[in-house]
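Coordinate analysis (summary)
Single-letter residue listing:
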Amino acid sequence: MKKKLHLIIPLFVFVLVSCVTVNIYFPATAIQKAADQIVDDVRAQEQNGEQKKSEPKKDESSWLKNLPLISFGASEAYAAVDIEVSTPAIRGLKDSMKNRFLALQPFYGKGALGENNKGLVEVRNADSLSLKERADLNRLSQQENSDRNALYSEILRANKLNPDMMGQVQKLFANSWRGKSRQGWWIQQDNGQWMKK
Amino acid sequence: MNYAIPEQKVAFNIVSIQQPGELLWKDYYNNFKGQKTSIKADGMLSLSGDASFSLHANLDIFQTGDYSFMMKGNKNDWSLKAVAAKVSHKNIIEKIFKEYLSNTSSGLKGFSATGYSSLNTIIWRKNGTTYVTGQYTMTDTAIHAPDMQFSIGSISAILPLDFVHPSSARQDSTAGLLGNIRFQNIQRKRLAIDTVRIPVMIAQNRLAVPEPVIIPFFLGKIHIYNIVADDLLSPDMQLKFGLTIENINLGRMTKKFLDVELPGAVNADFGMMKYQQNRLLSEGTAKINVFDGEIIAKNFFAEDITKPSRKIGGDIFFQNINLEKMTRKIPVGSMSGIIQGSLQAFVMEYGQPASFVLEIESVKKSGIEQEISADAIENISVLGTGAGSVLSRGVTKYFKNFPYSKIGIRCVLRNDQFRINGTLMEDGTEYLIRRGFFRGVDVVNQNPENAISFRDMVERLNRMSKPVNSEEIQIQ
């Protein structure tokens, strides 16, 4: 009986662990890929210009490599799922952000605007700006964040993901916005510290 | 300034002229350089007891109008009488809001207004409740937003004010105060409306329109009745109104807006419409008589109407539509017969269709031929497969029309995926069009699971009625 228990217990534990760990509920890889694609589309003018010279094409989302894509135990395993990123709302929001990007670009360059770790833009140091420029910056950053929040919500909605996953979507998009930022732009690291890229 | 020690009262008299420069408040910016504001004020403040005060002031704000106010009371209960006279809309826009408006919305670039406003109001606070009464008057006003292709030739308004904050302090028994708004020559793109007069009654945060508003529209009429906006000061403000449409000439309307004349009439009883938290809902139906048949629209809704993200939708059912008459006006290739069907779960976002389920089937009717032209088959083929048919080859090229016995088509757009299927199943084959008894064309869907992206669907729609050279559909 004791011998049988020795066999049964590890088998039971194995089955239990297997059941718990294979849990397809948040398609992080697919969303990260979608985020990269969307950020590329939004900043298309930049890629067509001189910018891309200094940056490697591969591994643009430098935070992606740190994601726990496959793990054991109680953490999640992500499935390769296609993510829907082309609904009228997403196309409309992308176009709106694309049109705004040219106006935002100088503010990134002057260090007045940065990419935070929640997938949003944040006003940094506006001291060097004129009052008119500050008004423009306030308005543009407000509009940009409104569009970005709407985009993340729409991605959740279009893919029937739980609204509680907003934080995870924001984090993945933050990876892309920061990873695809130019050198010299301000980005906020995961620990909250700001740094010049 | 005088200070009386025994009463602990300060009496003051101030005259101040300012020449402001740049102003930034959140995202509002304006450069007021070269403009002047001034204030002349006198009053009294008691530094003891209940801190009673009185203040009288005249203001000149960038020469936009004559402003004055008189305020008295103590820290708990006070009253303010404010008068704004001959406030020039032109000066307000040009000196204060022009740049802000054009930055906020591209459509408001170049926005201009003429005319004057006046406001005479008394605001008082008693026992923790604030009351506002008075009257707002607008005269000789015209507005023009060229980038939105919108203008109103004349606006005049007399609006009584009767508000209470918080709303819980309202007294429902209060009789309403009457006013009115009159618009003339409203133009928005190709739409033109001559005159709209709206009588209003305002009582304790509630606005009601006591008479129906009738808008003449393409030889018919739009009636808006029982308009009530409740709790005007609350973000949960609710607007309710009834809407009926009577005999609008569809031909003239479609000619004006679409450059295609679709003869018919529009009649609708939308029932009571409710607008709350940016969402407009209808309880009723609209009926459009067109092409000898009837189109019925139900469950209409609209969200965020003023934003680019606006979402509109509803369900549409149609019956007895004469295909011959329809295809004479809509260039999809000529067909004859009668169809019925529905367009359900239709949603449009950002000006693009986001989802729908379209079902069309033919209905046999004695005395009506059922024929489909080669052009129409070509177009269905393009939409379904992305390529044309083989009708231009072989013996079929000598026929321009083919008889059919049944049409059954279902198109679905969902999650940006478009799918077209036949609803006629025979021996495991899916048909979109079934041939006539002696001759004709069967249109078969050989790949029922095929779905294309919205972008491809649009591209195929654009290609419809254009020559294509490929063969994909199966002709039997």
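Residues numbered from 1 in each chain as written. Chains lettered and ligands numbered in written order. Predicted model: local features only at pLDDT ≥ 70, side-chain atom pairs only at ≥ 80, totals over all residues. Heavy atoms only, no water.

As a further point, take the overall build of chain A. Counting secondary structure elements, chain A contains 6 helices and 4 strands. Tracing chain A from N to C terminus, the helices and strands come up as α-α-α-α-β-β-α-α-β-β. By residue count, 47% of the 197 residues in chain A fall in the buried class. Within chain A, contacts between residues at least 6 apart in sequence are counted, and of these 69% link residues at least 24 apart. Summed over all atoms, the accessible surface of chain A reaches about 10,500 Å², with 58% contributed by carbon and sulfur. (Helix = DSSP H or I, 4+ residues; strand = E, 2+ residues; numbered from the N terminus. Buried < 20%, exposed > 50% of the residue type's maximum accessible area, 1.4 Å probe, protein only. Contact = heavy atoms within 4.5 Å. Areas by Shrake-Rupley, 256 points an atom, 1.4 Å probe, with all protein chains shown as cover.)

How big an interface is tends to be stated in terms of accessible area lost as the parts join. Counting from both sides, the interface comprises 18 residues of chain B and, opposite them, 21 residues of chain A. A buried area of about 1,600 Å², summed over both sides, lies between chain B and chain A, and 51% of it is on carbon and sulfur atoms. The three residues of chain B that bury the most area against chain A are B:Asp27, B:Tyr350 and B:Asp416, which together make up 31% of that side's buried surface. Linking chain B with chain A are 2 salt bridges, by the criterion used here. Close ionic contact of B:Glu99 with A:Lys132 constitutes a salt bridge, the shortest N to O distance being 3.4 Å. For the interface between chain B and chain A, the tally reads 5 residue pairs in polar contact (both at pLDDT 80 or more). (Buried area = accessible area lost by both parts, 1.4 Å probe. Salt bridge = Lys/Arg side-chain N within 4 Å of Asp/Glu carboxyl O. Polar contact = N/O pair within 3.5 Å; in protein donor to acceptor, adjacent residues only side chain to side chain.)

Before going further, it helps to spend a moment on the confidence of the model for chain B. The predicted model of chain B has a mean per-residue pLDDT of 87, with 93% of residues at 70 or higher. The low-confidence segment residues 466–476 of chain B (pLDDT under 50) makes 32 contacts with residues lying over four places distant or belonging to another chain. (pLDDT = per-residue confidence, 0-100.)

Residue and element names in this part refer to chain A. Residue position: Asn145 is located in helix α5 (residues 131–158). Separated by 25 residues in sequence, Asn145 and Leu120 have C-alpha atoms that sit 5.7 Å apart. When neighbours within four sequence positions are excluded, Asn145 is seen to be in contact with Leu120 and Val121.

On to unusual backbone geometry. All names here are of chain B. Here His165 and Pro166 are connected by a cis peptide whose omega angle stands at 0°. We note that Phe291 has phi near 50°; this positive angle belongs to a residue other than glycine. Relative to the assigned elements, Phe291 resides in the loop between β21 (285–290) and β22 (293–303). Overall, the relative accessible area of 7% leaves Phe291 in the buried class. Backbone geometry at Tyr350 places phi at a positive 50°, although glycine is not the residue there.

Where α5(A) meets helix α1 (residues 89–104) of chain B, the axes come as close as 11 Å, and the angle between the chain directions of the two elements is 35°. Crossing handedness for the pair α5(A) and α1(B): right-handed. The segment α5(A) lies against α1(B), with A:Lys132, A:Asp136, A:Arg139 and A:Gln143 engaging B:Glu99, B:Asn103 and B:Thr104. (Axes fitted to C-alpha atoms, helices over the stretch in contact; angles between N-to-C directions. Left-handed = near helix turned anticlockwise from the far one by under 90°.)

With that out of the way, let us pick up the pairing of strand β15 (residues 206–209) of chain B. All names here are of chain B. Relative to β15, strand β14 (residues 191–203) runs antiparallel, the two being bridged by 3 bridges. Within β15, the residue paired with Ile202 across the bridge is Leu207. What sits between β14 and β15 in their antiparallel hairpin is a turn of 2 residues, with Gln204 showing a positive phi close to 50°. Sheet topology places β15 next to strand β17 (residues 220–230); 3 bridges connect them, and they run antiparallel. Residue pairing for β17: Val209 is matched across the bridge by Ile227. (Pairing = 2+ DSSP bridges.)

All names here are of chain B. The residue Asp315 is located in strand β23 (residues 311–322) in this model. Lacking a salt bridge, the buried Asp315 has Lys298 as its closest oppositely charged neighbour, with an N-O distance of 8.1 Å. A distance of 2.7 Å separates the side chain of Asp315 from the backbone nitrogen of Ala345, its partner in a polar contact. (Lys, Arg positive; Asp, Glu negative; His and termini not counted.)

Glancing now at the pattern of salt bridges. All names here are of chain A. Tallied over the full model, the rule gives 26 salt bridges over all chains. Measuring nitrogen to oxygen at the nearest pair gives 3.0 Å for the salt bridge that ties Lys110 to Glu133. Of this pair, Lys110 sits in the loop between α4 (88–109) and β1 (113–115) while Glu133 sits in helix α5, placing them 23 residues apart in sequence. By relative accessible area, Glu133 is classed as partly exposed at 25%. Bridged by salt links that share partners, the residues Arg43, Arg100, Glu115, Glu144, Asp147 and Arg148 form one connected network.

It is worth spelling out the nonpolar core at this point. Formed by 77 residues in total, the largest nonpolar core has its most connected members in B:Ile372 and B:Phe418. Ignoring any residue separated from it by four or fewer positions in sequence, one finds B:Ile372 in contact with B:Ser334, B:Met335, B:Ile377, B:Ile380, B:Lys400, B:Asn401, B:Phe402, B:Tyr404 and B:Ile433. By size, the runner-up hydrophobic cluster in this structure holds 24 residues, among which are A:Ile38, A:Tyr152, A:Leu161 and A:Trp177. (Core = buried A, V, L, I, M, F, W, Y, C linked by side-chain atoms within 4.5 Å.)

Residue and element names in this part refer to chain A. Reading across from one edge, β2-β1-β3-β4 is the order of the 4 strands in this open sheet, with mixed pairing throughout. Of all the strands in the sheet, the pair left with one neighbour each is β2 (121–123) and β4 (194–196). The average angle at which neighbouring strand axes cross in this sheet is 35°, direction not considered. Two strands pair when backbone bridges link them, and β1 and strand β3 (residues 186–188) are joined in this way by 2 bridges, in the parallel orientation. Paired with Gly114 across the bridge in β3 is Trp186. Packing of α5 onto the sheet brings it into contact with β1 and β2, and relative to β2 it is tilted by some 155°.

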